[in-house]
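Coordinate analysis (summary)
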Amino acid sequence: HADDGYRLWLKFDLITNIQQRNSYTQKCQFIYSDNQEAITKTAQKELQAGLSGLLGKKILILTNLAGKKGGIILQVIQNEQTNQLAEDGFSIREENQNIVIRSRTASGVLYGSFAFLRQLQSGSSIAQINITDSPKIKYRMLNHWDNPLGTIERGYAGSSLWKWYELPEVIDQRYIDYARANASIGINAVVLNNVNASARFLTKEYIVKVKALADVFRPYGIKVFLSLNFAAPKLLGGAKNSDPMAPEVRNWWKNVTKEIYAAIPDFGGYLVKANSEGEPGPQDFGRTHADGANMLAQAVAPYKGIVIWRAFVYAADPKGDRFKEAYKDFKPLDGTFASNVLVQVKNGPIDFQSREPFHPLFGAMPKTPLAMEFQLTQEYLGFSTNLVYEAPLFKECLDSDTYSNGKGSTVAKIVDGSVDNHSLTAIAGVANTGSDRNWTGHLMSQANWYAFGRLAWNHSLSSEQIASEWIKMSLTQEPKAVATIQDLMMKSREIYVDFTTPLGLHHVMGQNIHFGPEPWLERSARPDWTAIYYHRADSVGLGFDRTSKGSNALGLYAKEVQTQWGNPDTCPLPYLLWFHHVSWNQKLSSGKTLWNEFSSRYYEGVQSVEWMQKQWNYVQSSIDPQIFADVTGRLAAQHREALNWRDACVLYFQQYSKQAIPAPYQAPSRT
Ligand code: GCW
């Protein structure tokens, strides 16, 4: 039968290796728990469905253990052992001939159950199983940029999953499957709506709809959050304005919050984009981001809610450097945020480019918990026609050392709270899901959702390991095919960088929809929405000088980081044009001149896409035909787009370098 990708990594098809199946079956003869919480029931149901599929026979849920052996016991218990785990951590071990999945919380037992299933799904041994695992970050969230009318900002996989007009009466099975997928990778919070937020979500009409979704997600351990529109008191409540210091406004927020919590007692809280790209915010009234955040924090505090305030702000100054804007606004506010506020920072200082240096705010606000925002949806990574496995991009950022508190103060350790001692911690991924049958448009982008969840849980997992888990559960277990696909995935991001923005070039994509190349863009509504603002090509060279001779954005980082990137002769090539204006004839560490290296990368990038197509063809016999054909088609589209990027960029920048395209490559012919 053909596979349309709907089941994601939760396929649970019959294990065909009979010996292996038998060895699993011996240890999985029943499921039992004496805990009655809804989430534990979910865990039992998921184990039952998963095991029954994998083992080819119905595995029973017992209501009475009666000393039985050879099964799985789910235990929610507070004891010396579980107290050593983080909240929602779990252990899986064999005790008295049963496999015990144990945690302090029902959610922990749910995560342990999925972890156990993963062992079987990927063909690992469960003899003497002994796994202990704890999440490193408390809130592991998806941010949906979904609008009330069903469109998704920067969504490339159809329309929104949430059918607002049908809610609350109709509960689509898809809501449940979405929750299962998230729970299986440890995601425990979702923001339902776009950060460019409609105030509508705060109305009575919508609160019942949000409640309906919250009720679906609760048994999967998932909390619901809303993005809010800061001008809502005026828009909805008829207030004179939305000044966070006005008693009338503060009261309005208190009351709305009360209404939400009356409907959804475990509501997570608010996500806010304020004074950013035209959205309203406290600065409209001469107040600071902290004034705005703290007002909302006070409204949710009685219910243990939190406020996540985004730091994605920048001014349109043609002489300035957008790189520095968020830092300038937020750094001085460190220490002034209420204790239930997190500031959410994008991984890089500009905007989810295919490669960015880590955001200089990480490590610069020790008194404020900083949440990480990654983008799963491929706004700048080729939409849903490009195969880009994002785990290496996430890891590159998480593993970067900020040196804020000495060597080893990595971005990951800022975000997980260990460097500055924060227990309120969060990481968000801008979702790549939509109404397409396979959820993510490009089937291979499912891996980005999966990888985000796994890294949110444990940022020290390797990209390779996550890829291999995902492939085995989603595509094939044939060892050679697994290795081939893993290799292809691991190289895919660098290949994308090469044929779009090599050597640290950035933000030269098409305007508005952010698709394809447009390095020639000189004019736009704002200077920092053009391409020339970023690439700074001239007859001398290419790149944005952010050293002390230029914008000195580098000065925002710790000394050690400045040393690492500050010298054009030693700056690693992937970051070169982020920080330096380099002359076309400058010899790089590769031995080639800038022009030769730069233009060659585009050609090599295109050749690498051809290599990906070839590698993918090798695995045909191991992949479901429908999935194989779909990915094959998308790789062909990617190849067409790569040619377009190459020719556009090489021809455009050649006007400045005035040099020939280096051997063995040839100028694109124009017909
Ligand atoms: O990446 C940019 C996008 C906008 C987005 C904004 C943001 C939701 O182009 O579509 O708006 O960032 O993150 O707020």
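Located above this text is the structure these notes cover.
Residues numbered from 1 in each chain as written. Predicted model: local features only at pLDDT ≥ 70, side-chain atom pairs only at ≥ 80, totals over all residues.

**Topic: the site of the ligand**
Worth spelling out the cut-off: Defining nearness, a residue is near a molecule or strand when the C-beta atom obtained from its backbone falls within 6 Å of it. Each residue is assigned to one class: nonpolar for Ala, Val, Leu, Ile, Met, Phe, Trp, Tyr, Cys and Pro, charged for Asp, Glu, Lys and Arg, and polar for all the others, Gly among them.
Close to the ligand lie Trp 145, Glu 153, Arg 154, Val 195, Asn 196, Lys 273, Ser 276, Glu 277, Phe 312, Asp 351, Phe 352 and Glu 379, which account for all nearby residues. Residue classes in the shell around the ligand are distributed as 4 nonpolar, 2 polar and 6 charged.

**Observations regarding the packing of helix H2 (residues 38-55) against helix H4 (residues 106-121)**
Put simply, the test is: Angular values range over 0 to 180 degrees, each being the angle between N-to-C directions of two axes fitted as lines to C-alpha atoms, with helices fitted over their stretch in contact. The way it works is that DSSP assigns letters per residue, a run of H or I at least four long becomes a helix, a run of E at least two long becomes a strand, and they are numbered from the N terminus. Roughly parallel here means an angle under 35 degrees, roughly antiparallel means over 145, roughly perpendicular means 65 to 115, and every remaining angle is called oblique. Here contacts are defined at the residue level, using C-beta atoms placed from the backbone and a cut-off of 7 Å between them.
Interaxial distance between H2 and H4 falls to 8 Å at its minimum, and their mutual angle equals 10°. Regarding the angle of H2 to H4, the classification is roughly parallel. For the pair H2 and H4, the contacting residues are Ile 39, Thr 40, Thr 42, Ala 43, Glu 46, Leu 47, Gly 50 and Leu 54 in the first and Ala 106, Ser 107, Val 109, Leu 110, Ser 113, Phe 114, Leu 117, Leu 120 and Gln 121 in the second. By residue class, the composition of the contact of H2 with H4 is 10 nonpolar, 6 polar and 1 charged.

**Quick notes on the sheet that holds strand E7 (residues 139-143)**
Through backbone hydrogen bonds, the strands of a sheet pair up, either in parallel or in antiparallel fashion. Note the threshold: Think of it this way: DSSP has to see at least two bridges between two strands before they count as a pair.
Strand order in this closed barrel of 8 strands is E7-E8-E9-E10-E11-E12-E13-E14, and the pairing throughout is parallel. Sheet twist, expressed as the mean angle between neighbouring strand axes with direction ignored, is 25°. Two elements, strand E8 (residues 189-191) and strand E9 (residues 223-228), share 3 bridges in a ladder whose sense is parallel. Its bridge partner lying in E9, Val 190 is registered against Val 224. Where helix H13 (residues 446-457) meets the sheet, it contacts E7, strand E13 (370-375) and strand E14 (426-430), and its direction lies at approximately 155° from that of E7.

**As for the pairing of strand E10 (residues 269-272)**
Defined as follows: When the strands point away from the viewer and the connection leading from the first strand across the helix to the second strand turns clockwise, the crossover is called right-handed.
The pairing of E9 with E10 spans 4 bridges and is classified as parallel. Across the sheet, residue Leu 228 finds its bridge partner in E10, namely Val 272. Note: E10 against strand E11 (residues 306-310), 4 bridges, orientation parallel. Directly across from Val 272, in E11, lies its bridge partner Trp 309. Running through helix H9 (residues 289-300), the crossover from E10 to the neighbouring parallel element E11 is right-handed.

**Focus: the environment of Asn 143**
To keep things clear, this is the line we draw: For the exposure call, what matters is how many other C-beta atoms sit within 10 Å of a residue's own: 20 or more marks it buried, 12 or fewer exposed, and in between partly exposed, using C-beta atoms placed from the backbone.
Residue placement: Asn 143 occurs in strand E7. Since 27 C-beta atoms lie within 10 Å of it, Asn 143 is described here as buried. Residues Asn 143 and Phe 579, spaced 436 residues apart in sequence, show a C-alpha to C-alpha distance of 30 Å. Beyond its immediate sequence surroundings of up to four residues, Asn 143 is in contact with Val 191, Leu 271, Ala 428, Gly 429, Val 430 and Ala 431.

**Re the sheet that holds strand E3 (residues 72-76)**
Ordered by their spatial adjacency, 6 strands build an open sheet running E2-E1-E3-E5-E4-E6, and the pairing between neighbours is mixed. Of all strands in the sheet, those bounded by a partner on one side alone are strand E2 (60-62) and strand E6 (130-133). Recorded for the sheet is a direction-independent mean angle of 20° between the axes of neighbouring strands. Relative to E3, strand E1 (residues 30-33) is paired through 3 bridges, and the arrangement is parallel. Paired with Ser 33 across the two strands is Leu 74, which belongs to E3.

**Thoughts on the packing of helix H11 (residues 391-398) against helix H14 (residues 463-474)**
What describes two packed helices is the angle between their axes and the distance between those same axes. Going by this rule: By convention the crossing between two helices is left-handed if the near helix lies anticlockwise of the far one by an angle smaller than a right angle, and right-handed if it lies clockwise.
At a minimum axis distance of 9 Å, the contact between H11 and H14 shows a crossing angle of 150°. Accordingly, the angle class assigned to the pair H11 and H14 is roughly antiparallel. Our pair here, H11 against H14, has a crossing hand that is right-handed. Across the interface between the two elements, Ala 391, Pro 392 and Lys 395 of H11 pack against Ser 463, Ile 466 and Ala 467 of H14. Of the residues in the contact of H11 with H14, the class split is 4 nonpolar, 1 polar and 1 charged.

By themselves, these are just geometric observations and shouldn't be taken as functional.
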